[in-house]
Every structure is written in structure tokens, then in C-alpha cells.
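Coordinate analysis (summary)
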Amino acid sequence: MRNIPVKRVDLIFEKVTCKEIFLKTLELKPEEIIQSVIESGLKGRGGAGFPTGLKWQFAAREKSNEKYIVCNADEGEPGTFKDREILDEVPEKVFCGMAIASRAIGAKVGYIYLRGEYKFLVPKLEARLNEFHKLMKSVGHDFKILLRLGSGAYICGEESALFESIEGKRGEPRNKPPYPTKAGLFNKPTCINNVETLVYTVMIQKYGAAHFKDLGTKDSRGSKVFSVSGDTPKAGIYELELGMSVQEFVDVFGDGDTKTVQVGGAAGFCVPRKRFDETIIGFEGVPTGGSMKLFNSSRSMYNVLHNYLDFFTEESCGQCTPCRVGCQQLLKGIEAVKKGEKSSKYLDELVKLAATMKLAAKCGLGQSVGNAFSSIVENFKEEIIY
Amino acid sequence: MITITESVREKVGKHGKTRDALLPVLQDIVAEQNYLSDLAMVEVAKQLNISAADVFGTATFYSFLTPRPMGKYVIRVCKTISCSMKGKHEVLSTIEETLKIKLGETSADRKFSLLETNCIGWCHKAPAMLINDEPFTELTPKKVTEVLREYIKNR
């Protein structure tokens, strides 16, 4: 296994001339654009990690005169804040990525779904969108972007819930299949990408697929923007090459007393100190949408887990029973064990419940509650019980 | 004073009458009136030609589209883990003491409502809060007192 020490990269925030890059892609055939994204090895940066080029290819192959590009800017995962910074610093690169995608799949309309908590960004985004639309007109590409706001629902970051929300409904996830590339927004073929993913597609057009592919590892190509918070003297936003181990990360960002790192937010995994060395941050180890939370030995993992479960209990959309009831029971369960009303063996039952949720919940929210739950309970059992 | 009918008509004029206009219309009403009254929701239903129950059902899915009257300034203090470990509790008690309201309450002059919310995306500058749309970060009891003082002044 190739280990890459922590290495800063500057692709996402690099100032570029979008017009130049876009004109270059206009000369390419849609298939050529898609091929370059496939070759780069870029996987979705929202956390799920679906190969971006394939997603574009599926959407491109659908025959429909109405298709959509959606930018998922509903960044709600606890500990993730990089999309806000990207939209604040380089919004035109996000728009440019959407325009490239629109050329690739043949869409004329794009939506940005911005979480309500980031409404303060709207005046700036609208002004920049104005300029962008002028640019599209001047280069003769028929594509417009509409801005839609969320209203405080974490679940709307789930792609099909996000479509429901844009359509003016409750943000309840749909059954899959059909997948968005076949029937997404307004039941039309839709390509939905994370903010950061879209910016990488711009940089892949600028520097070529090979430049991106050379970074990272076989399973995790390229770099990634990390949101670093918790017990660290260096909280902030960092673009790093993929492939480092948690240990290497902690060596740079830890406070010298790091007990565990929660990778991927409340829906992610808890990596304890004893596994820092062997755990790679990436799709071959622990995948992440960028949330890296460090906890030192002064923190109670019971409090951390309680906070996460409280979060999920509130944010579960309530549509399917495994998630709605499961979240509540996990929360009540650890409270009962803590108070001594249930024996410590009850935790094993709860781990089984979390596993059931992973199998039976309708969407990614309910399916991933078990990630944090089981990894925290297994590694910090004493802290949960006593 | 403009009536609720006129106010809704103006927003429907801006966003359209199709179903996907519902959330933008409701969001604009909340931005203007700080909450969704029954009257407003019934009016939206009428003008978009959908049932009032559907409007209510959709609105109440979203925590920012509240059917409960709110103050002019809605304070939402982040309660998720980073903020919670970096002194959110002290910030919250300072706000409660300064405004003489408890969590979930609205001040008697209807100027402030105090709520908690889930992660608002400022974990690296915790603790954080929103006052209406504006974020405030790296809060301390001293800093939050100063912020509130400005809002109290601007009646």
C-alpha cells in the first residue's frame, strides 16, 4: 500500500479564467468530455463516492429533450463546511462545472440547491450568476442556472429528497431505482453532483485527466477538501492529496492528545487511536465527504454519540420505520444503559438494531446511523456504560 | 397596510403558480413575517390551487418554515457536537440572561426568539449561531453580549 504523507494541493481554490476553460470544452464532443472525467478517476466528493464520469455517461445516454444538472449545496453533515467556502470563494468555478456537465449530458437548465443556513451567500451568488449567464450568452451555450434554497432539513442533502424539495414537496427520499440519471428532478434524467465535484471537473478540463489521476491512490484518485474541526489547533479548510493514513493526518492536525477521529461526520466512522496507522482516509479505508473531527482524551464519547443520535432522531424524515423508530430507540437505549436501567449487554442488542437499520432503512440517512453508532460503541464501550 | 392576499399574490407573481413555486413562496413569507400564519397558508393554497393541508404538511416538514409566531430576530444557536464542545452552553445561558427568555421562547416585545438548531456549517469557528440569515462565529459570552446589544439598539 502506497502511503502518502499529508500534502497540500491547490486546485479547488486556484483562481482560473472559466471562460477560457469552458471555450476549450466547447470544442470537445460530449463523449470526449465524459471520457476525460472517467479517465481522471474522479469520484463524488459529497461522501458516497460514485464515479462522476459514469454518472455523466448514464445521464448522457438517456434520450430526453429535458434533462437537468443539479448542484448539491445542501451541505448539512456535521463537521462539513467546505462547500460554503467554495461557493463563497470561487462560485464561478462551480457554475462552470455545471456548464461543462450540461454540455456533456445535454441539459439546458441547472439548479443549485443551497441549504437555508447559507442564505447569506445568496446576494453574492445571484450577482455572479448574472455574470455567468452573460458569459453563456456570449459563447453561445444555451444553459441557465436557477438557485433554490433549503429550509433547515438535513435529509434534503439526500439526492432524491433534494429533488422532492425543489419540486415543492416534503423532502422525503424516493425509492431507488429508478436512479436520478434515469428519472430524477421532475422525473427527467438528472445529473446531481456535489459542489466540490463540479469544481474538480473544471480543473480536469484545465490540466487534463492525467494530472488529477496522478494524485492519490488507485482507489482514491486526486485530492479532496477537508473540513477539520474539534480538538485541533488548526481547525479550518484544507485541500489535501488522498491516500494519507489517519496517523499522518493526526500528526499534522492533532493537539498531541488525539484519542479518536470521527471521519465523515455523524454519518461516518469513528477511528480510535489504535487504528490510526492502518486506516487510510479514502475509499479503500474510511470514506469521507470531508468532515474530520478530532477528539482528545478530555472528551466523553458518550456525549459525542448522544449528540449524534439526537441529531439523527431530529433529522430522520420519519418516512420509514427502521430509521424513525431505530434512531429513537438507539438514543433511549444508550441513555438507559448509562443510567443503569439496562445492563451493558443491552448495547449488543442496540448494535444489532443499528445493523438492521443499515439493511432496512430506505435511504442513506438511516443506513449510515449504524456507522457512527457501532464504531463508537465497539471502540469506547466503557465510556458508554460508565 | 397590505393584506395577506396581496402579499401572497406578489410572491406568487414572482415565483409562479406551479407546485415547485411553493417553497420559494413560503420562504419569502417567512422572510417577511417571521412565520407562516394559518391565514397565509390558506391563501397560498388558494392561489396555487392545492389543498391547505398539503401546504401545511409541506411547510411543517422544514424546520425553518415555522407555523409558530416568531420574533423579528430569530436566534438559532448551533447545538451539534463541535459547538457543543466549544462553549455553546455558556453562550446560550448568556443569551437567555441578556434577553430574559428561555430556549424556545419569544421575548414579550416580540423582538427575539431563541432556538437551537443542528449543524450550521461553522464547526471550525465554533460556537456559532444564526440571527435570521446572518452567521456569528467564535462566540464567547462577551462577544454574544455585544452582538445582542447592537440588535437591541436597532429597534
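The rules we used
- Every chain begins its residue count from 1, and numbering advances along the sequence as written.
- Think of it this way: whatever chain is written first is A, whatever ligand is written first is 1, and the rest follow in order.
- Predicted model: local features are reported for residues with pLDDT of at least 70 only, side-chain atom pairs are reported and counted for 80 or more only, and whole-chain, interface and lining totals are derived from all residues.
- As a rule here, side-chain values cover all heavy atoms of the structure and leave hydrogens and water aside.
- Going along the chain from the N terminus, every DSSP run of H or I of four or more residues is numbered as a helix, and every run of E of two or more is numbered as a strand.
- Throughout, radius of gyration means the C-alpha value; the globule benchmark is 2.2 Å times the number of residues raised to the power 0.38.
- Buried residues are those whose accessible area, probed at 1.4 Å on protein chains only, stays under 20% of the maximum for their type, while exposed residues exceed 50% and partly exposed ones sit between those limits.
- For the accessible areas, the method is Shrake-Rupley and the probe is 1.4 Å, while residue cover comes only from the protein chains on display.
- Only four residue types enter the charge count, namely Lys and Arg as positive and Asp and Glu as negative; His and the chain termini do not.
- Note that the charge is assigned to NZ on lysines, CZ on arginines, CG on aspartates and CD on glutamates.
- Contacts were defined at the residue level, with two residues in contact if any of their heavy atoms lie within 4.5 Å.
- Accessible area that two parts lose when put together, evaluated with a 1.4 Å probe and summed over both, is termed the buried area.
- We count a salt bridge whenever a side-chain nitrogen from Lys or Arg sits within 4 Å of a carboxyl oxygen from Asp or Glu.
- Here a polar contact means two N or O atoms within 3.5 Å. Within protein one must be a hydrogen donor candidate and the other an acceptor candidate, and residues neighboring in sequence count only if both atoms are side-chain atoms.
- One bridge is not enough; two strands pair if DSSP finds at least two bridges between them.
- The term nonpolar core refers to a set of buried residues drawn from Ala, Val, Leu, Ile, Met, Phe, Trp, Tyr and Cys, joined through side-chain atoms within 4.5 Å.
- These domain limits were set by an automatic method or by a database of domain assignments.
- Lines fitted to C-alpha atoms define the axes here, with helix axes fitted over just the stretch in contact, and angles between the N-to-C directions of these axes take values from 0 to 180 degrees.
- In this classification, Asp, Glu, Lys and Arg are treated as charged, Ala, Val, Leu, Ile, Met, Phe, Trp, Tyr, Cys and Pro as nonpolar, and every other residue, Gly included, as polar.

**Side note on the overall build of chain A**
Looking only at helices and strands, one finds 15 helices and nine strands in chain A. The C-alpha radius of gyration of chain A comes to 21 Å, within 12% of the 21 Å expected for a compact globule of 386 residues. Seen through its principal axes, chain A has C-alpha atoms that stretch 70 × 45 × 35 Å. Taking all 386 residues of chain A together, 60% fall into the buried category. Summed over its atoms, the accessible surface of chain A is roughly 14700 Å², and 50% of this surface lies on carbon and sulfur atoms. Placing the 54 positive and 49 negative side-chain charges of chain A at their respective mean positions leaves the two points 4 Å apart.

**Considerations on the overall build of chain B**
Scanning chain B for helices and strands turns up seven helices and four strands. The secondary structure elements of chain B, listed N-terminal to C-terminal, are α-α-α-α-β-α-α-β-β-β-α. Each of the 155 residues in chain B was classed as buried or not, and the buried ones make up 54%. In chain B, the share of contacts with a sequence separation of at least 24, taken over all contacts with a separation of at least 6, comes to 61%. Entry remark: accessible area of chain B is about 7200 Å², with carbon and sulfur atoms responsible for 53%. Seen as two clouds, the 22 positive and the 19 negative side-chain charges of chain B have centres 2 Å apart.

**Points about the interface of chain A and chain B**
Counting from both sides, the interface comprises 52 residues of chain A and, opposite them, 32 residues of chain B. It is A:Glu117, A:Ser151 and A:Arg170 in chain A that bury the most area against chain B; as a group they hold 19% of the surface buried on that side. Counting every contact that joins chain A to chain B gives three salt bridges. Here B:Lys79 ties to A:Asp310 by a salt bridge, and the two come within 3.2 Å at their closest N and O atoms. For the pair chain A and chain B, the number of links is 23 residue pairs in polar contact (both at pLDDT 80 or more). Broken down by secondary-structure element, the contributors of at least two residues to the side of chain A that touches chain B are strand 2 (109-114), strand 3 (144-149), helix 7 (159-166), strand 5 (223-230), strand 6 (236-241), strand 9 (291-296) and helix 11 (301-315) of chain A. Top contributing element to the side of chain A that touches chain B by residue count: helix 11 of chain A, with eight residues.

**A short note on the pairing of strand 3 of chain A**
Look at any regular strand and the pattern is simple: side chains alternate between the two faces of the sheet. The pairing of strand 2 of chain A with strand 3 of chain A spans six bridges and is parallel. The residue of strand 3 of chain A that forms the bridge with A:Gly110 is A:Ile145.

**Here's the deal with the nonpolar core**
For soluble globular proteins, nonpolar side chains are generally found buried alongside one another. Within the largest apolar cluster, 74 residues are counted, with the highest numbers of intra-cluster contacts made by A:Phe312, A:Ile334, A:Phe373 and B:Val44. Of the residues forming this core, the biggest block, eight residues, is contributed by helix 11 of chain A. Other than its neighbours up to four places away in sequence, A:Phe312 contacts A:Tyr154, A:Ala266, A:Ala267, A:Cys327, A:Leu365 and A:Val369. Grouped together as the second largest cluster of nonpolar side chains are 60 residues, A:Ile12, A:Ile69, A:Ala209 and A:Leu215 included.

**A few points about the domain arrangement of chain B**
We note that the domain assignment places domain 1 (4-61) and domain 2 (73-154) within chain B. When each unit is reduced to the centre of its C-alpha atoms, the spacing between domain 1 of chain B and domain 2 of chain B is 28 Å.

**As for the sheet that holds strand 4 (residues 190-194) of chain A**
Residue and element names in this part refer to chain A. Taken together, four strands build an open sheet; the order of strands is 3-2-1-4 and the sheet is parallel. Each edge of the sheet is formed by a strand with only one pairing partner; in this case those strands are strand 3 and strand 4. Put simply, the sheet's adjacent strands are angled 20° from each other on average, direction ignored. Pairing analysis gives five bridges linking strand 1 (residues 68-73) to strand 4, with the strands arranged parallel. The residue of strand 4 that forms the bridge with asparagine 72 is asparagine 194. Across the face of the sheet, helix 8 (residues 195-207) comes into contact with strand 1 and strand 4 while running at roughly 95° to strand 4.

**Section: the domain arrangement of chain A**
All names here are of chain A. In terms of domain boundaries, chain A breaks down into domain 1 (18-213) and domain 2 (301-385). The centre of domain 1, based on its C-alpha atoms, is set 33 Å off from the matching centre of domain 2. In this complex, domain 1 contributes 12 residues to the contact, which on the side of domain 2 involves eight residues. Summed over the three residues of domain 1 that lose the most area to domain 2, namely Tyr154, Ile155 and Pro173, the buried surface amounts to 53% of that side. Inspection of the region where domain 1 meets domain 2 yields three residue pairs in polar contact (both at pLDDT 80 or more). Of the residues belonging to the side of domain 1 that touches domain 2, the class tally is five nonpolar, four polar and three charged.

**Details of the sheet that holds strand 4 (residues 134-136) of chain B**
Residue and element names in this part refer to chain B. Taken together, four strands build an open sheet; the order of strands is 2-1-3-4 and the sheet is mixed. Edge positions in the open sheet fall to strand 2 (112-117) and strand 4, since each of these has one partner strand only. Pairwise comparison of adjacent strand axes, ignoring direction, gives a mean angle of 25° for this sheet. Where strand 3 (residues 129-131) and strand 4 come together, three bridges link them in antiparallel fashion. Each bridged residue has a counterpart across the sheet, and for isoleucine 131 the counterpart in strand 4 is glutamate 134. Of the strands in this sheet, strand 1 (73-78), strand 2, strand 3 and strand 4 touch helix 7 (residues 141-153), which is tilted by about 10° from strand 3.

**A closer look at the environment of A:Pro51**
One can find A:Pro51 in the loop between helix 2 (30-40) and helix 3 (52-61). Overall, the relative accessible area of 27% leaves A:Pro51 in the partly exposed class.

**Examining helix 3 of chain A**
Three or more residues of helix 3 of chain A are buried, namely A:Thr52, A:Gly53, A:Lys55, A:Trp56, A:Gln57 and A:Ala59. Residues of helix 3 of chain A that are buried make contact with helix 2, helix 5 (91-105), helix 7, strand 4 and helix 8 of chain A.

**Some details on the side chain of A:Lys93**
With respect to the helices, strands and loops of the structure, A:Lys93 is situated in helix 5. The charged side chain of A:Lys93 is buried without a salt bridge, its nearest counter-charge being A:Glu14 at 5.8 Å.

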